[in-house]
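Structural overview
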Amino acid sequence: MSEDRMWDYYQGEGVAFFSQAHARLGYLVDWGARWGPPRPRVLNIGVGNGWIEREGVRRGWRVSAVDPSPGPIERLRGEGIDARVGSIAALPFPDGEFDLVFCSEVLEHLPDGDLALGVREVARVLKPAGRLLGSVPYRETLVEGRTVCPSCGTLFHRWGHRQSFDQARLRELFAAGGLRLVAARRRSFPDAGASWLGRLRCLPHRLLGRLGVAMASPSLVFLAAR
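Residues numbered from 1 in each chain as written. Predicted model: local features only at pLDDT ≥ 70, side-chain atom pairs only at ≥ 80, totals over all residues. Heavy atoms only, no water.

What follows is about the overall build of the protein chain. A count of helical and extended segments in the protein chain gives seven helices and nine strands. A burial count over the protein chain gives 49% of its 226 residues as buried. Within the protein chain, residue pairs in contact and separated by at least 24 positions form 71% of the contacts whose partners lie at least 6 positions apart. (Helix = DSSP H or I, 4+ residues; strand = E, 2+ residues; numbered from the N terminus. Buried < 20%, exposed > 50% of the residue type's maximum accessible area, 1.4 Å probe, protein only. Contact = heavy atoms within 4.5 Å.)

Laid out in structure tokens, this is it:
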């Protein structure tokens, strides 16, 4: 099954799906703000619904984005954001361009060859003091995510995941690609919904999630340096 078709759908008709990621993305953006200069040059890899890009613009950051799907790229371009169709394995940007690179829930989708290339590409486009911030599912058991297409019988992971990570694997992966793992934290980000009441009800869960308690499927959020 083509993963491109899957993400074309979720970043098009199903774009509302990404609203549940806002707590995780907000955590990463706040973390990045503590490491970057006052007005950083920022790249987000994997657009989703464009939340990171719009939040970066709101903060006065100089924002670029890259994604394989043309649809979300065209939406961001319509908002005046530097968005380009491309892959993490061949980033369409010059060397040493960015202070911060965000890469949330992307690495687990990559085959081995693109995974290694992607880390090297991120290291290439980062400035000498640049930082990579992102997240991956924590110690996911990939076989538990398998499903089968009822039409064609193809067996596939329901979210297209191909990799599983813990702190040791991230450290090894980044070291081979020219990056140093600075921090890797297990965090959970329960979806509170859009209403203030939902956010209030979810507050205890979020507090526990920040301590790493698995109130939702846990993520491994990471910070790496060039």
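Within the secondary structure layout, Cys 103 lies in strand β4 (residues 98–104). Residues Cys 103 and Gly 134 lie 31 residues apart in sequence; the distance between their C-alpha atoms is 4.5 Å. Not counting residues within four places of it along the chain, the set of residues in contact with Cys 103 comprises Ile 45, Ile 88, Leu 132, Leu 133, Gly 134, Ser 135 and Phe 222.

Next up on the list: the packing of aromatic side chains. Geometrically, a pair of aromatic rings is defined through the distance of the ring centres and the angle of the planes. The final tally for this structure, using the stated rule, is five aromatic pairs. Where Phe 93 meets Phe 98, the ring centres are 5.1 Å apart and the plane angle is 80°; that geometry is what we call edge-to-face. You'll find Phe 93 and Phe 98 in the same group, each marked buried. Within the aromatic cluster, the residues linked to one another by ring pairs are Tyr 27, Trp 31 and Phe 189. (Phe/Tyr/Trp six-rings, centres within 6.5 Å; stacked < 30°, edge-to-face > 60°.)

The next thing to look at is the sheet that holds strand β9 (residues 219–225). Backbone hydrogen bonds hold the strands of a sheet together, and the pairing may be parallel or antiparallel. In spatial order, the strands read β3-β2-β1-β4-β5-β9-β8; together these seven strands make up an open sheet with mixed pairing. Each edge of the open sheet carries a strand with a single partner, namely β3 (82–85) and β8 (180–187). Ignoring strand direction, the axes of neighbouring strands in this sheet form an average angle of 15°. As paired strands, β4 and strand β5 (residues 126–137) are joined by six bridges and run parallel to one another. Residue pairing across strands places Phe 102 opposite Leu 133, the latter belonging to β5. (Pairing = 2+ DSSP bridges. Axes fitted to C-alpha atoms, helices over the stretch in contact; angles between N-to-C directions.)

The next point concerns the side chain of Asn 44. Along the chain, Asn 44 falls in strand β1 (residues 41–45). Classification of Asn 44 as buried rests on a relative accessible area of 3%. Polar side-chain contacts of Asn 44 include one of 3.2 Å to the backbone oxygen of Gly 46. Filtering out sequence-adjacent residues up to four positions away, Asn 44 remains in contact with Ile 52, Glu 53, Ser 64, Ala 65, Val 66 and Phe 102. (Polar contact = N/O pair within 3.5 Å; in protein donor to acceptor, adjacent residues only side chain to side chain.)

This part takes up the packing of helix α5 (residues 112–125) against helix α6 (residues 167–177). Put simply, α5 and α6 touch, their axes get as near as 8 Å, and they point 65° apart. Taken as a pair, α5 and α6 cross one another with a handedness that is right-handed. Where α5 abuts α6, its residues Asp 112, Leu 115, Val 119, Arg 120 and Ala 123 lie against Arg 169, Leu 173, Phe 174 and Gly 177. Tallied by class, the residues present in the contact of α5 with α6 amount to five nonpolar, one polar and three charged. (Left-handed = near helix turned anticlockwise from the far one by under 90°. Nonpolar A, V, L, I, M, F, W, Y, C, P; charged D, E, K, R; others polar.)

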